[in-house]
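# Architecture and fold: a report
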Amino acid sequence: MKRSLAIGAAIVGGALGVAALAWLGWAWHESRLPETYSVMDYAIPDDGGATAGADHMHDETSVVDLRGPTGTPQRRFVLTAREGPVRLASGRSVEALSFNGTVPGPELRVRQGDLVEVTLRNGNIADGVTVHWHGIDLPNAEDGVAGVTQDAVPPGGSHVYRFRAGQVGTFWYHTHQASAAEVRRGLYGALVIEPRAAPRAGIGDIAVAVHTLDGTPLVNSVDGVEKRAVPPGTPVRLRLINTDNAPIRLDVGGTPFRVVAIDGTDLVGPTPLTGRTMVLAAGGRYDVAFTMPPTAVKLAVEDTIVGLALSASGTADPPAPAPGPEFDPAVYGRPSATPFSASSRYDRVFILDVGRKPGFLDGRPGKQWTINGGIYPRVPMFMVAKDDLVRISIKNTTGAVHPMHLHGHHMLVLSRDGVPVSGSPWWSDTLNVEPGESYDVAFRADNPGIWMDHCHNLSHAAAGLTMHVAYMGVMTPFETGGAAHNHPE
Ligand code: C2O
Ligand code: CU
């Protein structure tokens, strides 16, 4: 009796084992991506609760026709991407990828209303390059995403981008081909759009791109403390840009300061802060303003030796300020009218639930990121129609922070963990979503195209934390993989 029970159990166990193996084999097989595929084919369309408009889903516009304006540009730039040694401020030389031979690439400064034309050339980067204009809401064909809005530019090739500098503020640019590796290795730079009417920015207007170049922390191109001479009384605006994959913690010592803009949008009624630590999302920007005091000011990046020191002489380097309580944009500044709000009637409401589960990503087993339970490419594609008012409830149930970045639009942050934003209107393009946090954000679908919506920890994006917002009636002729070897992440 005992024996036959044992045999029975063994048979059942064996059968279960075979079934489990068969299931694993199937799951592995199902997860494998073809050499070439369109992002339109795999994702699961999500209509956000709307039914209207679904009947004109026939493809009518190609992303290649959603181009920037024609005409004579006011500003022309050439960015040449190259692999090779780059000299840092300390004199050390590192093997890097660079635009125009420096890391970061040249700081591009234009004025509001300028028609900007940038020619990208690929000198010798075997994997190909593109340029994405992070935070700039430009026409879709100029967005620089390999496999979605263009083919990656091969060595010896070039590509021209044209856009009107619409929104004043702090932005940055970076490759969106093999970006997890290529941005880390140096293919990025600052981009500032200055107001048309104001006088040209003076010596107090400083872009501060913080990066880790294959292990070496940098403030701009300085692998130490960048020192600058700023006469007392000068209005100072530091444009802080986090080009890394993880949030950075920044401290300002020697002066009270105001946070005057987030992700390229000015805040309303920013009040002076002292000793507050700023936590800046990967890909995000904070603009910090103060009047230069007679004594030195220090900006420090926590847990690194790098920073920025401003003084009348340009030689002082005060010690790093102590960290303080965290600056919270949700309660900072003064409320002000917005084109829509939490009580607006939304045409589409989406859920973007970031999770994690064991499974296969392109045939590789592991703990995979999920969006609404699906592993890439079985993630949702948020379908919208032009002029829709759209709300997204973002939720992070993982143990990692995810800086969620939407291309082509700015999101108005409505609430965090159910608590409405009570300070200045807070517009973001790269929102730091901490473990356990949830956010409600909203945007007007006013920029037709196929837009990435992804985690800006680029190694997470490359591991599947990538999806798209697609306008109905827009298609892309570009493919992931393919002859151009397009790999946006
Ligand atoms: Cu900063 Cu999808 O990019
Ligand atoms: Cu992430």
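Scroll up a little and you will see the structure.
The sections below set out a description of the structure shown in this document. Every value quoted in this text rests on a predicted model; they were computed, and no experiment measured them.

Rules used in this analysis
Residues numbered from 1 in each chain as written. Chains lettered and ligands numbered in written order. Predicted model: local features only at pLDDT ≥ 70, side-chain atom pairs only at ≥ 80, totals over all residues. Heavy atoms only, no water. Pairing = 2+ DSSP bridges. Helix = DSSP H or I, 4+ residues; strand = E, 2+ residues; numbered from the N terminus. Axes fitted to C-alpha atoms, helices over the stretch in contact; angles between N-to-C directions. Buried < 20%, exposed > 50% of the residue type's maximum accessible area, 1.4 Å probe, protein only. 1 Å grid on protein atoms, 1.4 Å probe; cavity = no way out; pocket = protein on both sides within 12 Å on 5 of 7 lines; lining within 4 Å. Points joined across faces, edges and corners; volume = space filled by probe spheres on them. Nonpolar A, V, L, I, M, F, W, Y, C, P; charged D, E, K, R; others polar. Donors = N, O, S within 2.8 Å, 3.2 Å for Na, K, Ca; no water. Core = buried A, V, L, I, M, F, W, Y, C linked by side-chain atoms within 4.5 Å. Contact = heavy atoms within 4.5 Å. Salt bridge = Lys/Arg side-chain N within 4 Å of Asp/Glu carboxyl O.

Pairing between the strands of a sheet is mediated by backbone hydrogen bonds and can be parallel or antiparallel. The four strands lie next to each other as β6-β11-β10-β8, forming an open sheet whose pairing is mixed. Each edge of the open sheet carries a strand with a single partner, namely β6 (108-111) and β8 (132-134). Recorded for the sheet is a direction-independent mean angle of 25° between the axes of neighbouring strands.

Buried residues dominate strand β21 (residues 297-301), accounting for five of its five residues. Of the two faces of β21, the one lined by V297, L299 and V301 and the one lined by K298 and A300 are each fully buried. Looking at chain direction, strand β16 (residues 248-253) and β21 are connected through four bridges and run antiparallel. Bridge pairing links D251 to A300 in β21. Hairpin connection, β21 to strand β22 (residues 307-311): the antiparallel pair is bridged by five residues, and D303 has positive phi, about 65°.

A water-sized probe, rolled over the atoms, reveals where empty space remains. As enumerated under the stated definition, the model contains two cavities of 30 Å³ or more in all. Size it by volume and the largest cavity reaches roughly 60 Å³. Contributing to the lining of the largest cavity are Y37, V39, Y42, A43, Y376, P377, V379, P380, T466, M467 and H468. Here the lining of the largest cavity takes three residues from strand β34 (residues 466-471), the largest share from any one element. Considered class by class, the residues forming the lining of the largest cavity number nine nonpolar, two polar and no charged. Every residue lining the second largest cavity is listed: Y37, V39, V148, Y376, T466, H468, T480, P488 and E489. Split into classes, the residues belonging to the lining of the second largest cavity amount to five nonpolar, three polar and one charged.

What follows is about the coordination of the copper ion (ligand 2). Around the copper ion (ligand 2), the protein supplies H402 (ND1), C455 (SG) and H460 (ND1) as donor atoms, at distances of 2.0 to 2.1 Å. Donor residues binding the copper ion (ligand 2) come from one chain and are separated in sequence as H-x52-C-x4-H. Within this pair, whereas H402 is found in strand β27 (residues 402-406), its partner H460 is found in helix α4 (residues 458-462), the two being separated by 58 residues in sequence. Its relative accessible area of 12% is what places H460 among the buried residues.

Counting residues in hydrophobic clusters, the biggest one holds 79 residues, and the most contacted among them are L238, L240, V259, M278 and L310. If sequence neighbours within four positions are ignored, V259 has contacts with L267, P270, L273, M278, Y286, D287, V288, F327 and Y332. Membership of the second largest hydrophobic core comes to 25 residues, among which are I136, L138, L187 and I193.

Another point: the sheet that holds strand β17 (residues 258-262). Across the sheet, six strands lie side by side as β13-β12-β15-β20-β17-β18; this open sheet has mixed pairing. Either end of the sheet is taken by a strand with one partner, and the two such strands are β13 (216-219) and β18 (265-266).

Summarising burial for strand β15 (residues 235-242): six of the eight residues are buried, a large majority. Across six bridges, the pairing between strand β12 (residues 205-213) and β15 is parallel. Across the sheet, residue V210 finds its bridge partner in β15, namely N242. Sheet topology places β15 next to strand β20 (residues 285-291); seven bridges connect them, and they run antiparallel. Looking across to β20, one finds that L238 is bridged to V288.

Mapped onto the elements of the fold, G373 is located in the loop between β24 (364-371) and β25 (380-384). Residues G373 and D353, 20 residues apart in the sequence, show an inter-C-alpha distance of 7.6 Å.

Within the structure shown, the criterion is met by 25 salt bridges. Between R109 and E107 there is a salt bridge whose closest N-O contact spans 2.7 Å. Salt bridges sharing common partners tie together E107, R109, R111, E194, R200, D205, R237, R239, D266 and D287.

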